[in-house]
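Spelled out from the first residue to the last, the chains are:
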Amino acid sequence: MDAAEALLLARTQFGLNIAFHILFPSLTIALAWFLVYFRVRYERSRDTAWLVTYRLWVKVFALSFAMGVVSGIVMSFQFGTNWPGYMNTVGNIAGPLLAYEILTAFFLEATFLGVMLFGMNRVPGWLHVLSTVVVAVGTSLSAFWILALNSWMHTPVGHVVVDGHLIAGDWLQVIFNPSFPYRFTHMMLASGLTASFVICGLSAWRLLRAPGDDSAMKTLRVGVLVAAVLAPLQIFVGDLHGLNTLEHQPAKIAAIEGIWKTEKGAPLVLFAVPNEKERRNDYAIEIPKGAALVLKHDADAELKGLDEFEPDRPPVAPLFYGFRLMVGIGVGMLLLAWFGAWRLRRGGALPRALLWTFAAFTFSGWIATLSGWIVTEVGRQPWLVTGILRTKDAVGHISGAELGASLTGYVLTYSLMLGAYLVVLTHMAGKGAEQQEALK
Amino acid sequence: MNPELSSLDLPMIFAALMGISILAYVVLDGYDLGVGMLMPAATPDEQNLMVASIGPFWDANETWLVLGIGLLLVAFPKAHGVVLGELYLPVAVMLIGLMFRGVAFEFRMKALGWHAELWNWLFWFGSFVASLAQGFMLGRYITGFEPGIGYWLFAFIVGGSVCGGYVLLGATWLVLRTEGELQKKAYAWAKWGLLWVALGVALVSIATPLASATVYDKWFDFPRTFGLMILPAASLAAGIWVWRSLRPGAADWKPFAGTVAIYVLAFLGLAYSIFPYVVVDRMTIWDAASHDSALTFMLWGAAIVLPCIAGYTVFSYRVFRGKVREALYK
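Positions within a chain are numbered from 1, following the residues in the order the chain's sequence is written. Lettering of chains starts at A and numbering of ligands starts at 1, both following the order in which they are written. Restriction of local features to residues with pLDDT of at least 70 applies here, the model being predicted, together with a cutoff of 80 or more for giving and counting side-chain atom pairs; totals for whole chains, interfaces and linings are based on all residues. Each side-chain value is derived from all of the structure's non-hydrogen atoms; neither hydrogens nor water enter the calculation.

Undergrad: What is the right way to read the overall build of chain A from this model?
TA: For the purposes of this entry, the term helix denotes a DSSP run of H or I that reaches at least four residues, the term strand denotes a run of E that reaches at least two, and both are numbered from the N terminus. Along the backbone of chain A there are 14 helices and 8 strands. The globule rule puts the C-alpha radius of gyration for 440 residues at 22 Å, and the 23 Å found for chain A is close to it. With the C-alpha coordinates aligned to their principal axes, the bounding extent of chain A is approximately 65 × 50 × 40 Å. Counting every position in chain A, which comprises 440 residues, the buried fraction comes to 60%. Within chain A, counting contacts between residues at least 6 apart in sequence, those at least 24 apart form 78% of the total. Accessible surface for chain A amounts to roughly 17100 Å². Of this, 65% is attributable to carbon and sulfur atoms. Radius of gyration here uses only the C-alpha atoms, and the compact-globule reference equals 2.2 Å multiplied by the residue count raised to the power 0.38. The rule is simple: take the accessible area with a 1.4 Å probe, protein chains only, and divide by the maximum for that residue type; under 20% is buried, over 50% is exposed, in between is partly exposed. By definition in these notes, contact holds between two residues if any of their heavy atoms fall within 4.5 Å. Computed with the Shrake-Rupley method and a 1.4 Å probe, the accessible areas treat only the protein chains shown as cover for residues.

Written out as C-alpha cells, the structure is:
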C-alpha cells in the first residue's frame, strides 16, 4: 500500500470518529445548562411539569453523554495511533492541554453525573442542584481545553522550537491564541442552538402526539426563546470569526468564498459549482463586490485569491458547500425561532404546521455544526498545525489491513449506536405525556 | 521553568502516576466489567440490581483509562506510538467492546422488546470482549510484543486470567452491595472467580519468566529472590483470606478488600518486572519522556487536581453506599 492510501485511510477513520463524537458534546455542553434551569425551576416551584421535563431531559442527556464518552475514549487512543507524528512534533503542547481536560473536566463531569442521574432521592435538594451545576461546568471546561488546543493548531503562537520539537514558551499565549476566543464562543453558541432545536423538536413532537401536554409546552417555550436569542448572536459571532480567519488563514476564506484569483472588489458568490480543474466557478450566481464588502467593509478592497497560496491551499468544494450549508441552516434557524417566538407571544395553541417544522428542525444543529467543523478543519489542510506540521507528515505506519479492519468495525458499531440512539430518543419523547399523568 | 521542580526526576514521577491510574482503572472498571460478565448467570430482576450497583460509577471508572492512556500519550509519547501501534487491533476490539457496554447501560433500560434483549446481551458481550482484549494486551506487552504462536497463546491465557480476575472483583463487589439470594449467588461466583484467578496467576507466574529473559533475571537473582518471595506469599495469604470470608456472616467488605489487595500485589510484581522499561527491552521511561517543560506544567495540574478527584470520588461512593434495592430507572 502506498503512503497516499495509508494517509487517506487514517484520515477517513479519524474523520469518521471525530465527526461521530462531536454530535454528542455539541448537544450535551449546552443541554447541561438547560438541565440546570429545569432543575432550579422545579426546586423553586415544585410544579410537576418541570419535574417531568427535567426527568425526560436528564435521560436524553445521560444517553447522549454516554455516546460522547465512549466515542471520546476511542479518540484518546487514535490521537497517538493514527497521528504519531503529531505527538512527536507538538506533543509537548498538545499533551498537557489534553491532560488538563482529563484532570479538570472528565472526572468532574463523570462523577457528578452519577449523583445527578441517580442521586435525586439520596442527597438534599440543594446538593442535587449543585451536582447538576457541576456537570454543566465540567462539560463547558472540557470544551474550553479542547478548543484551546484545536485553535492553537489553526493559529499557533507562544511556542519555541528546540531540536525540531515544539515546547511552550508561554502557556497563556498558547491557550489564548488568536483564534481561540472566536472559535470557543462560536462553538458554545453552536451547542446552545443545537440543544435548543433538539429541545424544540422533541417538545413539538410531544405536543403533536398530546396537544394538552403542559410540560412539553413549557419546555418548547424555553427552547424557542433561547434559540431566538442565540441565533442572531451566532450570526454576529460567526462574522467576527470569519474576519479573524481572514487575518490568520486567508487561504481558507478564499476557498470558502470561491475566489480563485486575487482581485479588487471580489463578488459574493451565492451559489456555484467550483471547478478545481479549470480553477473557476461554474454556474455562479454572484452579488457584485459583495465579498469585498462583507469581508473588508469596502467595495473596492483587494481580496487574496487561491492562486496566492498554491500549492498549500485547501480543496475548494468541501469548504464552499459546507459553508453555504451551515449559513443556510443558521438563517433557517433564525427565521424559525423568531417566528415561533412571535407565535408564542401572541398566545393560543401553536399551528400544527409550525410544530411539524420544529420537529423537522430537531437535528438541524448537528448538520450545521458538522458542516462548520468540516469547513474549519478541511480549511486548515494541507496543514495539521498551520505552518508547522503537514498532515501527511504526521501519519503513522499502521498497516492498511489493520486500518481497514478496524474502520469496518467502527462503522458498524457507530451505525448501530446512532440508529438505536434515534429510535430511543423518539420513543422517550412519546412517553413524556404518560409520565406526567403518572406523577399527578 | 521552576528551578525547584527541575531537579525532580519527572519521568519517574509520571511513571508512578501512570501506574497508579492504570491500577485504579483495573480495580474500578474491573469490578463493573466483572459484574457485566456475570449478567447471564442472573435472573432479569437480579440483572437490574447488578446494573444499579455499578450505574453511578462506571463512567468515572472508565475515565481512569483515559487518564492512564492520556499520561502514556503525553508523558511518554514515543512509547505510546510503539505500544499502541503494536496493539492496534486488540485496542480496537477493546474499544468496540467498551462502546457497546457503555451505551448498553442506557439502551437496555430504554429500548423496547427485542431491542432491550439485544442490548442486554451486548452489555454482557461488550464486558467480556473488553476484558479479554485487555488481558491479551497485557500478555503481549509483558513479552515485549515478540512474534510467534507461543507468545500469542500466552497472551490469550493472560486474557482469560484477566476475565477471571474481573469476575472475582465483580462478584465480591456484589457481595458488598447486594443481599439475599443475589448475594448468595455472588459468594459462589466469587469462589469460581478465585479458583480461576489462582490458576491464571500460577500459569502467568510460571510462563512470564520463561517467555521473557528480562523478567527471569529480575526474579531469579539470589539472594534477592528470597526477599521477593514476599509478594507471592502475601498474594496467597490474601487469596486464602478472601476464600474464608466468602460466607454469610463474614463482614461483607472483606472479600472485595482482599481482592483489591491481590490486585495491588500483582501490580507491584508486574511493575517490578518491567521497571525501568516502558516498552520491555526497548525503551526506558527516561528514553520515552516528554520535555521537562511539558511535564512540569502537567505536574502542577496533577498535584492540585488529583486530591480533588479523590475527594469527590469518596463523596460519590458515600452517596451511593449501602445495599442496592431497586433498579436505576423505574
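From this point, the narrative continues.
Undergrad: Can you help me understand the overall build of chain B in this one?
TA: Within chain B, the secondary structure is distributed over 15 helices and 2 strands. Principal-axis analysis of the C-alpha atoms places the extent of chain B at approximately 55 × 45 × 40 Å. Considering chain B as a whole, with its 330 residues, one finds that 59% of them fall into the buried category. Relative to all contacts within chain B whose residues are 6 or more apart in sequence, the contacts with residues 24 or more apart total 77%. Here chain B displays about 13600 Å² of accessible surface, and carbon together with sulfur accounts for 72% of that area. The positive count covers Lys and Arg only, the negative count covers Asp and Glu only, and His and the chain ends enter neither. The location of each charge is read from NZ of Lys, CZ of Arg, CG of Asp or CD of Glu. In chain B, which carries 20 positive and 21 negative side-chain charges, the distance between the mean positions of the two groups comes to 10 Å.

Undergrad: So what exactly am I meant to see when it comes to helix α2 (residues 48-82) of chain A here?
TA: Given 3.6 residues per helical turn, the α-helix brings residues three or four places apart onto the same face. Residue and element names in this part refer to chain A. Given a rise of 1.5 Å per residue, 35 residues ought to cover 51 Å, and the 49 Å separating the end C-alpha atoms of α2 matches this to within 8%. To get the bend at a residue, fit one axis to the 7 residues ending there and another to the 7 starting there, then take the angle between the axes. Ser 76 marks the point of greatest bend in α2, at about 25°. The buried count for α2 comes to 32 of 35 residues, which makes it a mostly enclosed element. Polar contacts, as counted here, are pairs of nitrogen or oxygen atoms within 3.5 Å of one another; within protein the pair requires one atom able to donate a hydrogen and one able to accept it, and residues that are adjacent in sequence qualify only if both atoms are side-chain atoms. Its side-chain oxygen placed 2.9 Å from the backbone nitrogen of Ala 49, Asp 47 serves as the N-cap of α2. Residue count minus one, scaled by 1.5 Å, sets the expected span of a helix.

Undergrad: Help me understand a nonpolar patch on the surface, please; the structure alone is not making it clear to me.
TA: Residue and element names in this part refer to chain A. Patch membership requires more than 30% relative accessible area and the absence of a salt bridge. Residues of like charge join within 9 Å; the nonpolar side chains Val, Leu, Ile, Met, Phe, Trp and Tyr join within 5 Å. The salt bridge definition used is simple: a Lys or Arg side-chain nitrogen within 4 Å of an Asp or Glu carboxyl oxygen. Taken together, the side chains of Leu 270, Phe 271, Ile 285, Ile 287 and Tyr 321 present a nonpolar region at the surface, about 440 Å² in accessible area. At the level of elements, β4 (268-275) and β5 (280-287) are the ones that each hand at least two residues to the nonpolar patch. Among the secondary structure elements, Ile 285 is positioned in strand β5. In this structure Ile 285 comes out as partly exposed when scored by relative accessible area, which is 49%.

Undergrad: In this structure, what is going on with unusual backbone geometry? I would like to understand it.
TA: Here Gln 381 of chain A and Pro 382 of chain A are connected by a cis peptide whose omega angle stands at 5°. For Pro 382 of chain A, the location among the structural elements is in the loop between α12 (364-378) and β7 (383-385). The step from Phe 275 of chain B to Pro 276 of chain B runs through a cis peptide bond, and the omega angle for that step is 5°. Relative to the helices and strands, Pro 276 of chain B is located in the loop between α13 (253-274) and β1 (277-279). Residue Arg 279 of chain A is not a glycine yet carries a positive backbone phi of 55°. By relative accessible area, which is 40% here, Arg 279 of chain A ends up partly exposed. Residues other than glycine seldom take positive phi values, yet Tyr 283 of chain A does so here, at roughly 50°. Note on placement: Tyr 283 of chain A falls in strand β5. Overall, Tyr 283 of chain A belongs to the exposed group, its relative accessible area being 70%.

Undergrad: In this structure, what is going on with the pairing of β4 of chain A? I would like to understand it.
TA: Note: two strands are recorded as paired if DSSP finds a minimum of 2 bridges between them. Bridging between β4 of chain A and β5 of chain A involves 6 bridges; their strand directions are antiparallel. By the bridge assignment for β5 of chain A, Val 269 of chain A is matched with Glu 286 of chain A.

Undergrad: Is there a simple way to think about the pairing of strand β1 (residues 159-162) of chain A in this case?
TA: Pairing of β1 of chain A with strand β2 (residues 165-168) of chain A involves 4 bridges; the strand directions are antiparallel. Considered in β2 of chain A, the bridge of Val 162 of chain A is made with His 165 of chain A.

Undergrad: Can you walk me through the interface of chain B and chain A in this structure?
TA: Note: interface size is frequently given as the accessible area lost on complex formation between the parts. Across the boundary between the two partners, chain B contributes 60 residues, which contact 62 residues of chain A. Summed over both sides, the interface between chain B and chain A buries roughly 5600 Å², with carbon and sulfur atoms accounting for 80% of that surface. Throughout, the ten residues Ala, Val, Leu, Ile, Met, Phe, Trp, Tyr, Cys and Pro are labelled nonpolar, Asp, Glu, Lys and Arg are labelled charged, and all others, Gly among them, are labelled polar. Looking at the side of chain B that touches chain A residue by residue, the classes come out as 42 nonpolar, 13 polar and 5 charged. Put simply, buried area is the surface a 1.4 Å probe can reach on two separate parts but cannot reach once they are joined, added for both.

Undergrad: What is the right way to read the nonpolar core from this model?
TA: Generally speaking, soluble globular proteins have nonpolar side chains that are buried together. In this structure, Trp 57 and Tyr 86 of chain A together with Phe 14, Phe 76 and Val 278 of chain B are the most contacted members of the largest nonpolar core, which totals 206 residues. The leading source of residues in this core is α2 of chain A, at 20 residues. Beyond its immediate stretch of four places on either side in the chain, Val 278 of chain B contacts Met 18, Leu 72, Ala 79, Val 83, Tyr 141, Met 283, Thr 284, Ile 285 and Ala 288 of chain B. By convention a nonpolar core is built from buried Ala, Val, Leu, Ile, Met, Phe, Trp, Tyr and Cys residues, the set being connected through side-chain atoms within 4.5 Å. Listed in part, the 27 residues of the second largest apolar core include Leu 207, Ala 231, Leu 354 and Leu 355 of chain A.

Undergrad: Even after reading the chapter, I still don't get the packing of helix α8 (residues 149-177) of chain B against helix α9 (residues 180-211) of chain B, so can you show me in this structure?
TA: The description of two helices packed together rests on the angle between their axes and the distance between the axes. Residue and element names in this part refer to chain B. Contact geometry of α8 with α9 gives a least axis separation of 7 Å together with a crossing angle of 150°. The pairing of α8 with α9 is recorded here as roughly antiparallel in orientation. Regarding α8 and α9, the two cross each other, and that crossing is left-handed. For the contact of α8 with α9, the class distribution of residues is 21 nonpolar, 9 polar and no charged. Axes here mean lines fitted to C-alpha atoms, for a helix over just the part in contact, with angles spanning 0 to 180 degrees between N-to-C directions. Should an angle fall under 35 degrees it is called roughly parallel, over 145 degrees roughly antiparallel, and 65 to 115 degrees roughly perpendicular, with every other angle called oblique. Handedness of each helix crossing follows the sense of rotation of the near helix against the far helix: counterclockwise by less than a right angle gives left-handed, clockwise gives right-handed.

Undergrad: Explanation requested: the side chain of Thr 362 of chain A in the structure shown.
TA: Residue and element names in this part refer to chain A. If you trace the backbone, Thr 362 turns up in the loop between α11 (352-360) and α12. Polar side-chain contacts of Thr 362 include one of 2.5 Å to the backbone oxygen of Ala 359. In this structure Thr 362 touches Phe 197, Val 198, Gly 201 and Leu 202, once residues within four positions along its chain are discounted.

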